[in-house]
Amino acid sequence: MNIIIGLINGMITSATPILLAALGGSLTYYAGIFNIAMEGMMLGGAFFGMLGSYYFHSWPMGILFAILGAILMALIFILFAVVLKMDEFITGIGLNLFSVGATTYMLRQIFKVKGAFSSPEIVPIPKIDIPWIKDIPVVGEIISGQNLIVYLTLLATIVVSYLVFKTRFGLRLRAAGYNRTSLDTSGVSANRIRVWSLILCGVLCGLAGSFLSLGYVTLFSEGMSAGRGWISLAAVILVSGNPTGIALISLLFGFTDGLGLFMQRSLPSQFTSMVPYVATLIALFVYSVRLKKKQTI
Amino acid sequence: MADIIEMDRIVKIFPPSLVALDAVSVKFAKGEIHAIVGENGAGKSTLMKILYGMQPADSGEMVYNGKKVKFSDPGEAILAGIGMVHQEIMLIPQYTVWENVVLGYEPVKFGGRLDVKKARELVKQKIDEFGFNLNADAKVEDISVAARQKVEILKLLFRNVSVLIMDEPTSVLTPQEIPQLFGELKRLRDNGHTILFISHHLEEVLELSDRITVLRKGKKVGTIKTAEATKAGLAQMMVGREVIFDSIRKNQTAGAVLFQTTALNYTDPDKRPRLIDVNIQVRAGEIVGVAGVEGNGQLELVNLIMGLIEPTSGSIKAVGEDITRKPILEKRKRVAFVPQDRANMGASISANIAENVIMTHHRLDQRFTRWAGRILDFKQAASFTDEVRRKFDIQMSSGEAVFKSLSGGNQQKVILGRELLLEAPFILLDQPTRGLDVGSIEYVHQRIIDMRAQKRGILMISADLEELFRLTDRIVVMHKGRVVADLVTEKTNVTEVGYLMLEGAAYEA
């Protein structure tokens, strides 16, 4: 029983940052932006989140700084890809590399450490116990006692889904992706919609980053986003941006990640840490086969 | 009638030195259909784009409803009441009709939530008000092109525009759909809307408009009342010289059979028969036209001849050799081919003009290559490009310029020049003049007649019956994949061919 609860909690923890970033990616996907910069935005968020929490001794300031840091990254993307009309792919690669370099540099300059910085002064984001529910056996151990960000992620999934499919913004957002000239000639600036989608993506990636440095662990280490932004990109493309689909894919990935940890008891860790990536490859393969079948019909 | 729009001495220059509009002044009256005609590149679209705020004018003034105006983007023009329906339809195929119509002016409830019920009602109201035959809930990708065009118009009416600019609205429609559009436009005019109609189809202009403004090379030639205009007069105003619309063939006797399909059958991968027992012959010095409503097997015929698909049975012979399954280079030695789709099949639009001109030549003609075909000789390519430019009167800056920088007419001339200079005895032309202006069409026709005089055999597919009657010696009519008639052009008439195209059987008077 404990193993199953552990696996499920592990799944939720691993899925959270991926899901948040992927929701951001979903918004830019619908806006027709080939945005691969979630990795960089998330890493920026993680660093600034740690910075805010450390200096103000306050986790809300940590979250605020994480969001601002990620938005800063998004603004750089906006400057190059939207304002200066540079290639989105190149901009994304540049931004991801810049983010690794900049956070590493600042870490070494500000804290005079290499690799990672941890301190009791960094206040982590609290876990939330839900009264009543926490006392229910098994269910309580899963539903209650998760990090605040986990609950925010659940909320974000619903909000993004609502935003994309039910609101005026959503109609315009998808229009920008389907046919931007059509939106422009309808009297709505497609570029403005794209800018907003990127800023919202920054907010969500910032939250993801704050979960990495203030939730999952309480420290910042160089390149700690560790490919999660890329996996979120895979999730977005796999389900063509659909937020519900993204949630399922993220959970699946989180599950394999947890499974990998669990399998470390009997297998060398080098192999078990491959599990999530192998799962991603299998998912891609299954998806492409399905797509081919659909096309031949 | 009062003038609703006055454009005064509008100048537009595209750097470095192309004067697109040279002090054009024109007035549009309230409640009229005003056609703007001219050849490709005459400045019609540019003038309208300036009015609509899509491009800024370099100088000149505009007065709209008595006030001086200047729109910096289409949004402002729409707010003021001027809307434009573009040549290529700008809708979102994945959206429903009502979603497309309300986009940008969506009714919302609390919290930015779309008010779906209200939006649908408003759109349905508009559909009823203007008597459009549209389903507000249909997805745009599922409806016909004509219906999409109606959605575009509806979208503008939803924004309460009083001036509608239509850029070549009939170019995407089938002949049967055009009268309906014209009916709707006339009804809008009678409701007090002003319609500006860009076209280079003179029959349409004469049928629909109240007044006509003719542009030529960026200058206004004049504005005339349609009632006082004739086709020949308009054509002369457009081109600047007399254009002949009658048959231009000289009598000559045809020679030996150059091209022949024998019992050609083709069934597509979905097991639908597309071509059934097709027998077509073309002799030297003869132009054979293929008439038919689009989608009756013409595309498959062309693809079979060029080897893009393989026949289920039957054979194709050209210049005495069976080429049914011959490799493309073998085919190209015998068959020159001007495809319908210039941008995808006719040319590599991102390559430069010279590269496009020597395509195929570089495989068949030794002078373009050195080192046993491994190295291209660009000097030879340049001089050949120059030869094509001179012989086919192509307006271009240099052979180094990218192909897509050419106007439609000049693109077609480049392709035509390349193909006709291949000196293949048989020439296959698929819609050789589609989308070209009057002047270019006349030019292309003249070259085709020249080929006939050189005793080459020509098979020409065209949707334009007038063109077929002007050029061909014989017309074969295709209907549902069969050749239903093989007629001598001089012994038939448009009514008979039109009837065969639609019914597939002989007209019984």
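Residues numbered from 1 in each chain as written. Chains lettered and ligands numbered in written order. Predicted model: local features only at pLDDT ≥ 70, side-chain atom pairs only at ≥ 80, totals over all residues. Heavy atoms only, no water.

Once that is clear, we can look at the overall build of chain A. The helix and strand inventory of chain A stands at 13 helices and four strands. Relative to its length of 297 residues, chain A is compact, with a C-alpha radius of gyration of 19 Å against a globular reference of 19 Å. The C-alpha extent of chain A, read off along each of the three principal axes, is 55 × 55 × 40 Å. When each of the 297 residues of chain A is scored for burial, the buried share is 49%. Taking the contacts inside chain A whose residues are at least 6 apart along the sequence as the reference set, 74% of them involve residues at least 24 apart. For chain A, the computed accessible surface area is about 13800 Å², with 71% contributed by carbon and sulfur atoms. (Helix = DSSP H or I, 4+ residues; strand = E, 2+ residues; numbered from the N terminus. Rg over C-alpha atoms; globule rule 2.2 N^0.38 Å. Buried < 20%, exposed > 50% of the residue type's maximum accessible area, 1.4 Å probe, protein only. Contact = heavy atoms within 4.5 Å. Areas by Shrake-Rupley, 256 points an atom, 1.4 Å probe, with all protein chains shown as cover.)

Quick look at the interface of chain A and chain B now. Listed by partner, the interface residues are 18 residues for chain A and 21 residues for chain B. Summed over both partners, the interface of chain A with chain B comes to about 1700 Å²; 59% of that surface belongs to carbon and sulfur atoms. The largest share of the area that chain A buries against chain B comes from A:Arg168, A:Leu171 and A:Thr185, three residues that together contribute 35% of it. Counting the contacts that link chain A with chain B gives one salt bridge. A:Arg172 serves as the salt-bridge partner of B:Glu106, at 2.6 Å between the closest nitrogen and oxygen. Our enumeration of links across chain A and chain B arrives at nine residue pairs in polar contact (both at pLDDT 80 or more). Within the residue set of the side of chain A that touches chain B, elements represented by two or more residues are helix 6 (148-166), helix 7 (168-178) and helix 8 (180-185) of chain A. The residue inventory of the side of chain A that touches chain B, partitioned by class, reads six nonpolar, eight polar and four charged. (Buried area = accessible area lost by both parts, 1.4 Å probe. Salt bridge = Lys/Arg side-chain N within 4 Å of Asp/Glu carboxyl O. Polar contact = N/O pair within 3.5 Å; in protein donor to acceptor, adjacent residues only side chain to side chain. Nonpolar A, V, L, I, M, F, W, Y, C, P; charged D, E, K, R; others polar.)

Backbone-to-backbone hydrogen bonds join strands into a sheet, with any given pair of strands oriented parallel or antiparallel. Residues and elements named next belong to chain B. The strand order across the open sheet formed by four strands is 12-11-14-15, and the pairing between neighbours is antiparallel. In this open sheet, the two edge strands, each paired with only one partner strand, are strand 12 (273-283) and strand 15 (321-322). With two bridges connecting them, strand 14 (residues 313-318) and strand 15 associate as antiparallel partners. Within strand 15, the residue paired with Ala-318 across the bridge is Glu-321. Packed onto the sheet, helix 9 (residues 298-305) meets strand 11 (257-267), strand 12 and strand 14 and runs at close to 65° relative to strand 12. (Pairing = 2+ DSSP bridges. Axes fitted to C-alpha atoms, helices over the stretch in contact; angles between N-to-C directions.)

The biggest cluster of nonpolar side chains holds 152 residues, and the ones touching the most others in it are B:Met7, B:Met48 and B:Ile153. Here this core gets twelve residues from one element, more than from any other, and that element is helix 9 (residues 190-216) of chain A. In contact with B:Ile153, other than residues within four places in its own chain, are B:Val85, B:Phe132, B:Leu164, B:Met166, B:Leu181, B:Leu185 and B:Leu188. The next biggest cluster of nonpolar side chains, apart from the first, holds 46 residues, and it includes B:Phe392, B:Ile394, B:Leu416 and B:Leu500. (Core = buried A, V, L, I, M, F, W, Y, C linked by side-chain atoms within 4.5 Å.)

A word on empty space enclosed by the protein. Taken as a whole and assessed by the stated rule, the structure comprises three cavities of 30 Å³ or more. In this structure, the largest cavity spans a volume of roughly 120 Å³. If you go around the largest cavity, you meet 14 residues; those closest to its centre are A:Ile231, A:Leu238, A:Ile249, A:Phe253 and A:Thr280. With five residues, helix 11 (residues 243-263) of chain A is the single largest residue contributor to the lining of the largest cavity. Looking at the lining of the largest cavity, its residues break down into eleven nonpolar, three polar and no charged. Taken together, A:Thr185, B:Tyr52, B:Ile78, B:Met84, B:His86, B:Met90, B:Glu152, B:Lys155 and B:Leu156 make up the full set of residues lining the second largest cavity. Ranked by the residues each element gives to the lining of the second largest cavity, the list is headed by helix 5 (residues 145-158) of chain B, at three residues. Tallied by class, residues from the lining of the second largest cavity come to five nonpolar, two polar and two charged. (1 Å grid on protein atoms, 1.4 Å probe; cavity = no way out; pocket = protein on both sides within 12 Å on 5 of 7 lines; lining within 4 Å. Points joined across faces, edges and corners; volume = space filled by probe spheres on them.)

Moving on to the sheet that holds strand 4 (residues 59-64) of chain B. Residue and element names in this part refer to chain B. Read across the open sheet, the four strands follow the order 2-1-4-5; overall the sheet is antiparallel. Lying at the two open borders of the sheet, with one neighbouring strand each, are strand 2 (18-29) and strand 5 (67-69). Each strand of the sheet is rotated relative to its neighbour by a mean of 20°, with strand direction disregarded. Here strand 4 runs beside strand 5; their pairing, made up of three bridges, is antiparallel. Each residue of the ladder has a partner; that of Val-63, found in strand 5, is Lys-68. Helix-sheet contacts for helix 1 (residues 44-51) involve strand 1 (3-14), strand 2 and strand 4, and the interaxial angle to strand 1 is about 115°.

Now for the layout of surface pockets. Residue and element names in this part refer to chain A. By volume, the second largest pocket is sized at about 400 Å³. Along the wall of the second largest pocket there are 18 residues; nearest its centre are Ile-12, Leu-19, Val-150, Leu-154 and Leu-251. Those elements that provide at least two residues to the lining of the second largest pocket are helix 1 (2-30), helix 5 (139-143), helix 6 and helix 11. Here the element with the most residues in the lining of the second largest pocket is helix 6; it accounts for seven residues.

All names here are of chain B. Taken together, the five bridges between strand 11 and strand 14 define a ladder with antiparallel strand orientation. The partner of Phe-259 across the bridge, within strand 14, is Ala-318. What sits between strand 14 and strand 15 in their antiparallel hairpin is a turn of two residues, with Val-319 showing a positive phi close to 50°.

Attention now goes to unusual backbone geometry. Of note in this structure, A:Lys112 is not a glycine but carries a positive phi near 55°. As for its placement among the helices and strands, A:Lys112 is situated in the loop between helix 4 (88-111) and strand 1 (116-117). The exposed category is assigned to A:Lys112, whose relative accessible area is 63%. A positive phi angle is found at B:Asn65, which is not glycine, with a value near 50°. Within the secondary structure, B:Asn65 sits in the loop between strand 4 and strand 5. The exposure class of B:Asn65 is partly exposed, given its relative accessible area of 48%.

All names here are of chain B. Counting buried positions along strand 3 (residues 33-37) gives five out of five residues, so the element sits mostly inside the fold. Pairing between strand 3 and strand 8 (residues 194-199): five bridges, direction parallel. Opposite Val-37, over in strand 8, you have Ser-199 as the bridge partner.

Quick look at helix 9 of chain A now. Residues and elements named next belong to chain A. With 27 residues, helix 9 should cover 39 Å at 1.5 Å per step; its first-to-last C-alpha distance of 37 Å lies within 8% of that length. At Ser-210, helix 9 is bent by approximately 25°, the largest bend along its length. Burial within helix 9 is extensive, with 19 of its 27 residues counted as buried. (Expected span 1.5 Å × (residues − 1). Bend = angle between axes of the 7 residues up to and from the residue.)

Further remarks concern a nonpolar patch on the surface. All names here are of chain A. Taken together, the side chains of Tyr-29, Phe-34, Leu-79, Phe-80, Val-83, Leu-84, Met-86, Phe-89, Ile-90, Ile-93, Leu-97 and Ile-237 define a hydrophobic patch exposed on the protein surface, amounting to about 1100 Å² of accessible area. Secondary-structure elements contributing two or more residues to the nonpolar patch are helix 3 (59-83) and helix 4. Broken down by element, the residue count for the nonpolar patch peaks at four residues, all from helix 4. Following the sequence through the fold, Leu-79 ends up in helix 3. Residue classification places Leu-79 among the partly exposed positions, given a relative accessible area of 40%. (Patch = residues over 30% accessible without salt bridge, like charges linked within 9 Å, V, L, I, M, F, W, Y side chains within 5 Å.)

For the rest of this paragraph, the subject is the environment of A:Ile3. Residue and element names in this part refer to chain A. You can see Ile-3 is positioned in helix 1. In sequence terms Ile-3 and Ala-31 are 28 residues apart; their C-alpha atoms lie 41 Å from each other. Once residues lying within four places of it in the same chain are set aside, the contact partners of Ile-3 are Phe-262 and Arg-265.

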